[in-house]
Amino acid sequence: MTEVLSKINPAPRVGFVSLGCAKALTDSELILTQLSAEGYQTSKTFQGADLVIVNTCGFIDEAVRESLDTIGEALAENGKVIVTGCLGAKRGEGGGNLVKQLHPSVLAVTGPQATQDVMDAVHANLAKPHDPFVDLVPNAFGVAGIKLTPRHYAYIKISEGCNHRCTFCIIPSMRGDLVSRPIGDVLKEARALFEGGVKELLVISQDTSAYGVDVKYRTGFWDGKPIKTRTIELAQALGEMASGYGAWVRLHYVYPYPSVDELIPMMASGKLLPYLDVPFQHSHPDVLKRMKRPASGERNLERIQRWREACPEIVVRSTFIAGFPGETESEFQHLLDFMREARIDRAGCFAYSPVGGAAANELEGMLPIELREERRVRFMEVAEEVSAAKLQRRVGATMQILVDSAPGLGKRGGVGRSYADAPEIDGVVKLLAPEKISKTLKVGEFTKARIVAAQGHDLVAQPF
């Protein structure tokens, strides 16, 4: 009967495009979950959709261009477009909304983390479907909702916004000040994800180390027990929970405050992956001061050394900016020396981009774009040299690999990642055909493998 009704009154279809970082991805998952819970169909294409939602990024110029181009494509192919995300909060000339100025025919524009505003815009332009068989049924997707990642890994966002005012960043103007999620809600979502088959949980926010600062580390409750809204307690609870499911917990966007030292023993004991994503951005104290970074660069080498002494297997990944306004050749050389001495395992680098609205645009000493790009290239040469040397030392080691791809049950091999590799941003482990004919590889499961070679940013391994 339901099938007959659906053919007579097909559910409205919403096309959906998600751009930007993992934090935007979790916003997209919330919107898609709500759309599906209300009976809308969703798709990744513009054609055939009754309207299109574009979740945008607005952090750097390249991301802004990609978002605006995607909005233009959606308007050209479909005509009915709702825009959400960081670019939706960006101001144009005269203080007006940038998206509306450039694409005045869009149906509605919202900022980030605005699920209800997006749904209101959908309801205003596309009638909510009515299905008497599902309208009174509780949300069938559970706490975890719809995921845009593969089944075996997921991002969990623990807070929104940021209290810092780094001069190169406009995130606070788009996402606001820090707002931490109740710790009980985070842990409830984590359990639902693990129960749904997630084998790797990636903790994200704008500043993971600051979790709970805004609520003065308020005491929450989980499983009937009190627990502080604080990074350390959250990590402890997630690590203990993950162990019951044989899963990994990986921390991202961890600012190098002294409190981070308390996380390292959990990594050494196996409760958390020995992996820290720390956005250092630079090493020279004067540059960091101009950036208004919250952590001094003078002690970062000491911090990294302490972390490695407490947990020799720890992997540190980071991002940096080359060619920041006023950066001298000496200050840049300081950064290269830091990279060599700190031996950062994985590093990315941006040539400074004068993002509209960023305070750094008003600083003296704006460098020519050619020099900024040249310094980025020089930085990456050093970063790749350091990373390649560290990867080479893994040859001969046995590692646990989470399988991401295994065509034909991996009889001819597959692709996976070690604890040192976060999805999308780090390298991968290329898996050869297993030694034993009976051995199979399955996506979302772990396998032991012996590292036999290093290739660029990746490793090659023999499963056994």
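Thresholds, definitions, all that
- Residues numbered from 1 in each chain as written.
- Predicted model: local features only at pLDDT ≥ 70, side-chain atom pairs only at ≥ 80, totals over all residues.
- Heavy atoms only, no water.
- Helix = DSSP H or I, 4+ residues; strand = E, 2+ residues; numbered from the N terminus.
- Rg over C-alpha atoms; globule rule 2.2 N^0.38 Å.
- Buried < 20%, exposed > 50% of the residue type's maximum accessible area, 1.4 Å probe, protein only.
- Contact = heavy atoms within 4.5 Å.
- Areas by Shrake-Rupley, 256 points an atom, 1.4 Å probe, with all protein chains shown as cover.
- Lys, Arg positive; Asp, Glu negative; His and termini not counted.
- Charge placed at Lys NZ, Arg CZ, Asp CG, Glu CD.
- Pairing = 2+ DSSP bridges.
- Axes fitted to C-alpha atoms, helices over the stretch in contact; angles between N-to-C directions.
- 1 Å grid on protein atoms, 1.4 Å probe; cavity = no way out; pocket = protein on both sides within 12 Å on 5 of 7 lines; lining within 4 Å.
- Points joined across faces, edges and corners; volume = space filled by probe spheres on them.
- Nonpolar A, V, L, I, M, F, W, Y, C, P; charged D, E, K, R; others polar.
- Patch = residues over 30% accessible without salt bridge, like charges linked within 9 Å, V, L, I, M, F, W, Y side chains within 5 Å.
- Salt bridge = Lys/Arg side-chain N within 4 Å of Asp/Glu carboxyl O.
- Core = buried A, V, L, I, M, F, W, Y, C linked by side-chain atoms within 4.5 Å.
- Phe/Tyr/Trp six-rings, centres within 6.5 Å; stacked < 30°, edge-to-face > 60°.
- Lys NZ or Arg CZ within 6 Å of the ring centre and 35° of its normal.
- Polar contact = N/O pair within 3.5 Å; in protein donor to acceptor, adjacent residues only side chain to side chain.
- Disulfide = S-S within 2.5 Å.

Asks: Explain the overall build of the protein chain here, please?
Replies: On a plain count of helices and strands, the protein chain comes out with 13 helices and 20 strands. Expected size for 464 residues packed as a compact globule is a radius of gyration near 23 Å; at 23 Å, the protein chain falls within 12% of this value. Structurally, the protein chain occupies a C-alpha span of about 65 × 65 × 45 Å along its principal axes. When burial is assessed residue by residue, the protein chain has 52% of its 464 residues classed as buried. In the protein chain, of all internal contacts separated by at least 6 residues, the share reaching a separation of at least 24 is 73%. Looking at the protein chain as shown, the accessible area adds up to about 20,800 Å², and 53% of this sits on carbon and sulfur atoms. Computed over 54 positive and 56 negative side-chain charges, the inter-centroid distance for the protein chain is 5 Å.

Asks: Please explain the sheet that holds strand β16 (residues 398-405) as it appears in this structure.
Replies: Strands belonging to one sheet form pairs held by backbone hydrogen bonds; the direction of such a pair is parallel or antiparallel. The five strands lie next to each other as β16-β17-β18-β20-β19, forming a closed barrel whose pairing is mixed. Across this sheet, the average inter-strand angle for adjacent strands is 50°, counted without regard to direction. In the sheet, strand β18 (residues 429-431) pairs with strand β20 (residues 458-463) via three bridges, with the strands oriented parallel. Paired with V429 across the bridge in β20 is L459.

Asks: Which parts of the structure should I look at to understand empty space enclosed by the protein?
Replies: Rolled over the atoms, a probe sized like a water molecule indicates the empty space that remains. Applying the stated criterion to the full structure yields four cavities of 30 Å³ or more. Computed from the structure, the largest cavity encloses a volume of approximately 60 Å³. In terms of lining residues, the largest cavity is bounded by V315, D345, R346, S387, K390, L391, R394, A420 and D421. Top contributing element to the lining of the largest cavity by residue count: helix α13 (residues 369-392), with three residues. Taken together, the residues that form the lining of the largest cavity break down as three nonpolar, one polar and five charged.

Asks: Looking at this structure, I do not really get a negative patch on the surface. What am I missing?
Replies: There is a patch of like negative charges on the surface, built from E62, E66, D69, E73 and E77. On the secondary structure map, E66 appears in helix α3 (residues 61-77). A relative accessible area of 44% means that E66 is categorised as partly exposed.

Asks: Explain the nonpolar core here, please?
Replies: Across soluble globular proteins, you tend to see nonpolar side chains buried next to one another. Of all hydrophobic cores here, the largest spans 56 residues; its most connected members are L187, F194, L276, W307, F320, I344 and F379. If near-sequence neighbours (up to four positions away) are discounted, F194 is found in contact with L201, M241, A242, Y245, A247, W248 and V249. By size, the runner-up hydrophobic cluster in this structure holds 20 residues, among which are Y275, V315, I451 and L459.

Asks: Looking at this structure, I do not really get the packing of aromatic side chains. What am I missing?
Replies: For any pair of aromatic rings, the description rests on two quantities: the centre-to-centre distance and the angle between the ring planes. This structure, assessed with the given rule, holds nine aromatic pairs. Note on F280 and F338: the rings are 5.9 Å apart at their centroids and 75° apart in plane angle, and the pair reads as edge-to-face. Separated by 58 residues along the polypeptide, F280 in the loop between β13 (275-277) and α10 (285-291) and F338 in helix α12 (residues 329-342) bring together distant segments of the chain. Per residue, the accessibility class of F280 equals that of F338, and both read buried. Here a set of aromatic residues connected by ring pairs shows up, and it is made of F280, F320, F338 and F379. Seen from the ring of Y253, K23 lies directly overhead, with NZ or CZ sitting 3.7 Å from the centre. Of note, R417 hangs over the ring of Y153, and the distance from its end group to the ring centre comes to 5.3 Å.

Asks: Would you take a moment to explain the side chain of K390 for this structure?
Replies: Considering the arrangement of structural elements, one finds K390 in helix α13. Polar contacts involving the side chain of K390 include one to the side chain of D345, which spans 3.1 Å. Filtering out sequence-adjacent residues up to four positions away, K390 remains in contact with R308, R343 and D345.

Asks: Sorry, what's going on with the state of the cysteines here?
Replies: Linking two cysteines covalently through their sulfur atoms gives a disulfide. Going through the model one piece at a time under the given rule, you end up with zero disulfides. For the unlinked cysteine C166, the closest cysteine sulfur is that of C169, found at 6.1 Å. A residue is classified by how much of its surface remains accessible, and C166, at 8% relative accessible area, is buried.

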